[in-house]
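Close look at the chain arrangement
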Amino acid sequence: MDKFNVIVIGAGPAGLKTAMRLKRLDFNQRILVIDKGTYPSFAACGMPFYLEGLVKDFNDLQKTSFGSLRDKNYFKNYANIDLLLNYLVTEIDPKSKTVLALNNASNEKFKFQYNKLVISTGSQAIVPPIEGLSIEDKNLFTLKSPSDVIKIKSYLEENEVNSVCILGSGLIGCEVASSLFNSNIDVSLFEIFDWPLATLIDKEIGLYLKKQMFNSGIEIYTGEKIVKFVSENKKTIKAISEKREVNADMFLICSGVRPNTEIAKKAGLEISARGSIVTNEFLQTSNPDIYAVGDCIEIKNLLTNKTFYAPMATYANRLGRLVANNIIKNNSQAFDGAIGTAIVKILDFNIARTGLSEKEAKDLNINFETVYYSGFDKPHYMTESNKINIKLIFDKNTDNLIGAQCIGKKASVDKTIDVAATIIQNKIPHNKVLNLDLSYSPPFSNSVDILVQGFQIYENKKNNMYKGISFEEVKEMFEKDNNMENVVLLDVRSEDEFKRVPSPFKNAINIPIDYLYNSDLEYIKNKKIIIFCGTGSRSYQASVMLKNKGFKEIYNLEAGVSGFY
Ligand SMILES: Cc1cc2nc3c(=O)[nH]c(=O)nc-3n(C[C@H](O)[C@H](O)[C@H](O)COP(=O)(O)OP(=O)(O)OC[C@H]3O[C@@H](n4cnc5c(N)ncnc54)[C@H](O)[C@@H]3O)c2cc1C
């Protein structure tokens, strides 16, 4: 029986990152990587862009930045790593420290011995049990593995596909909806939650995104569950929800992934309630000679102190390195946790999030405050300036930022969210953020960074310089009392803006801020006044003005009209 220092099960990003790092730390290690598939080190994250044609060649998803195909020979020649492809590991025996692998082609079984074992078996697509749904249908797909994308691409090329229906608007569902829509295919998208990316972003950003997707032409049905599928003439599929029936030439199931843990379970390793392999801070499983990494594990959330399932390549890659360090350097590197930072491009909209959502903050009983505002990622006078809507969540007891989300058409949300993630993860105090020395020049940013502006807004809100109100709260007020006789909706945008972009409220009055101070407002003095403008900044100025004039009940519509359109 062949014996190895380390055997790695799974040749995805987690497994091969571990293997390569092991070799870099100690080239004498004998490493065997076993995978049931054909395409090692495949960049699954690029699949939606390959479908759209932005990645021209399938092989590009398996190549290095310097153009080498990361195949079996590459790993042998580059790092003397043995890679067995098309071998399914069916059993781990922790007692004899062996793994049993089945050759997919010949059905022969082979046993290999390890000193340390790394399980990086990744995840698989969840296919929900819905009446009539058959993954055998030739026009019904999941998008998880290289073979999935090969099948989808050839189906698109060989058939006339004019319409696609997608179940699930998580990261993958939204990305693929965007890719296919950009390829001139009609897209309808069903989501059981009330807005897309619902487990990642809050209502304000989610409903805004939904509106943008809908306005762009994607038929997005939220709060709707598909209850039945009917395969029609083997050419189209009919999806039936509680509210409608949608026919499509092709159907994609994007309802999340679950960890691949069957062999770990069979080997008696501890498995979590969610079904992933339990590891300690060094990513050792319940057996100290076996490590696990990537989509098959849960990781610690630094903000909740609980574990969470975050099947993302960024964790698979970074933690693969950490596992190798711990194998060679005797558990010298603990993983302290993550905060759930994520980013995605849907059509022309960039969306990013980090830290806790409002719901998570509520569930943790945190005494929190939010600010929602709109601005520009660069000065408005630059041609490449883009609007960006940002929501920040602060812990009121410490004033620390605990969550951030943002969205903007072509906007540089990546910088905003990465700075926010750095602040949250390192618990940088509020007053230090106000003085962060961030770069500024008009082609890149604002003289006061847009994220830092949010800290200033929070400071103003906390010091009662204004009271905020959300669009949804105003909507609820309307629903309770359609006339709202004691409420004045005061739009302080210019007359021109008022004409160009209609007010989201039917009975708003328009007094541009330039005339506000000298206007006779006595007739509304005793009413509740909700002020709004384009982004929330002029309305803030207006609320300061009115407060100065003795007005008592003034609310500032956060993010203004931009939060809505
Ligand atoms: C469409 C799409 C877009 C994505 N976009 C992003 C993104 O933008 N950002 C991001 O961070 N993440 C993204 N991800 C997630 C990312 O691809 C995964 O988190 C990452 O691939 C996980 O790596 P892994 O090595 O843990 O698992 P995998 O990549 O799933 O690899 C596991 C490997 O194990 C093998 N295997 C499983 N069981 C066995 C067995 N018993 N025997 C032998 N071999 C076995 C499998 O064949 C597979 O090759 C995306 C994923 C998809 C599908």
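Residues numbered from 1 in each chain as written. Predicted model: local features only at pLDDT ≥ 70, side-chain atom pairs only at ≥ 80, totals over all residues.

What follows concerns the overall build of the protein chain. Per the secondary structure count, the protein chain includes 16 helices and 29 strands. Whereas a compact globule of 565 residues would reach a radius of gyration of roughly 24 Å, the protein chain reaches 27 Å, a difference of no more than 12%. Summarising its shape, the C-alpha atoms of the protein chain cover approximately 95 × 60 × 40 Å along the three principal directions. Classification of the 565 residues of the protein chain by burial places 42% in the buried group. (Helix = DSSP H or I, 4+ residues; strand = E, 2+ residues; numbered from the N terminus. Rg over C-alpha atoms; globule rule 2.2 N^0.38 Å. Buried ≥ 20, exposed ≤ 12 C-beta atoms within 10 Å, placed from the backbone.)

Every one of the 33 residues lining the ligand counts as a neighbour, but G10, G12, G122, G294 and M312 are closest to it. Those elements that provide at least two residues to the shell around the ligand are α1 (13-25), β2 (31-35), α2 (47-52), β4 (87-93) and α8 (313-328). Looking at the shell around the ligand, you find at least three residues from each of domain 1 (2-122 + 258-328) and domain 2 (140-255). (Near = placed C-beta within 6 Å. Domains from an automatic or database assignment.)

All right, on to helix α6 (residues 203-216) then. Helix length check: α6 (14 residues) gives 20 Å between terminal C-alpha atoms against 20 Å at 1.5 Å per residue, within 8%. Turning to α6, its buried residues are E204, I205, G206, Y208, L209, K210, Q212 and M213. In this fold, the buried residues of α6 make contact with β11 (219-222), β20 (342-346), β21 (349-355), β22 (368-376), β23 (387-395) and β24 (401-409). Phi for G217, located one or two positions after α6, is positive at around 125°. (Expected span 1.5 Å × (residues − 1). Contact = placed C-beta atoms within 7 Å.)

This paragraph deals with the sheet that holds strand β26 (residues 487-491). Within a beta sheet, neighbouring strands are joined by backbone hydrogen bonds and run either parallel or antiparallel to one another. Read from one edge of the open sheet, 5 strands run β25-β29-β28-β26-β27, paired in parallel fashion. What marks the edges here is a single partner per strand, and that holds for β25 (468-469) and β27 (509-510). Note that strand β28 (residues 528-532) and strand β29 (residues 554-557) share 3 bridges and pair parallel. Opposite I530, over in β29, you have Y555 as the bridge partner. (Pairing = 2+ DSSP bridges.)

Take helix α16 (residues 537-548) next. Structural remark: α-helix, 3.6 residues per turn; residues separated by three or four positions point the same way. Helix length check: α16 (12 residues) gives 17 Å between terminal C-alpha atoms against 16 Å at 1.5 Å per residue, within 8%. Residues of α16 that are buried include every one of R538, S539, Y540, A542, S543 and L546, and no others. Downstream of α16 by one or two residues, G550 has phi in the positive range, about 95°.

What follows is about the sheet that holds strand β14 (residues 245-248). In space, the 3 strands of this open sheet follow the order β12-β13-β14, with antiparallel pairing throughout. Edge strands, defined here as strands with exactly one partner in the open sheet, are β12 (226-232) and β14. Pairs of neighbouring strands in the sheet enclose a mean axial angle of 20°, with direction left out of account. Direction of pairing for β12 relative to strand β13 (residues 236-241): antiparallel, over a ladder of 6 bridges. Note that in β13 the partner of S231 across the bridge is I237. (Axes fitted to C-alpha atoms, helices over the stretch in contact; angles between N-to-C directions.)

Annotation of the protein chain at the domain level lists domain 1 (2-122 + 258-328), domain 2 (140-255), domain 3 (348-462) and domain 4 (468-563). Here the C-alpha centroids of domain 1 and domain 4 sit 56 Å apart.

Among the 9 residues in β23, 8 count as buried, and that is most of the element. The pairing of β22 with β23 spans 9 bridges and is antiparallel. Following the sheet pairing, V371 is matched in β23 by L392. Where β23 meets β24, 6 bridges bridge the pair, whose relative direction is antiparallel. The partner of I390 across the bridge, within β24, is C406. Turn length for the β23-β24 hairpin, with the two strands adjacent in sequence and antiparallel, is 5 residues, and the turn residue D399 shows positive phi of about 70°.

Here the focus is the environment of E472. Along the chain, E472 turns up in helix α13 (residues 471-480). We classify E472 as exposed; it has 12 C-beta atoms within 10 Å. A C-alpha to C-alpha distance of 39 Å links E472 and G53, two positions 419 residues apart in sequence.

We now examine the packing of α1 against α8. Relative to each other, α1 and α8 sit at 35°, their axes nearing to 7 Å. Considering only the axes of α1 and α8, their crossing is right-handed. On the side of α1, the interface is formed by P13, A14, K17, T18, R21, L22 and L25, while α8 contributes A313, A316, N317, L319, G320, R321, V323, A324, I327 and I328. Residue composition of the contact of α1 with α8, by class: 11 nonpolar, 3 polar and 3 charged. (Left-handed = near helix turned anticlockwise from the far one by under 90°. Nonpolar A, V, L, I, M, F, W, Y, C, P; charged D, E, K, R; others polar.)

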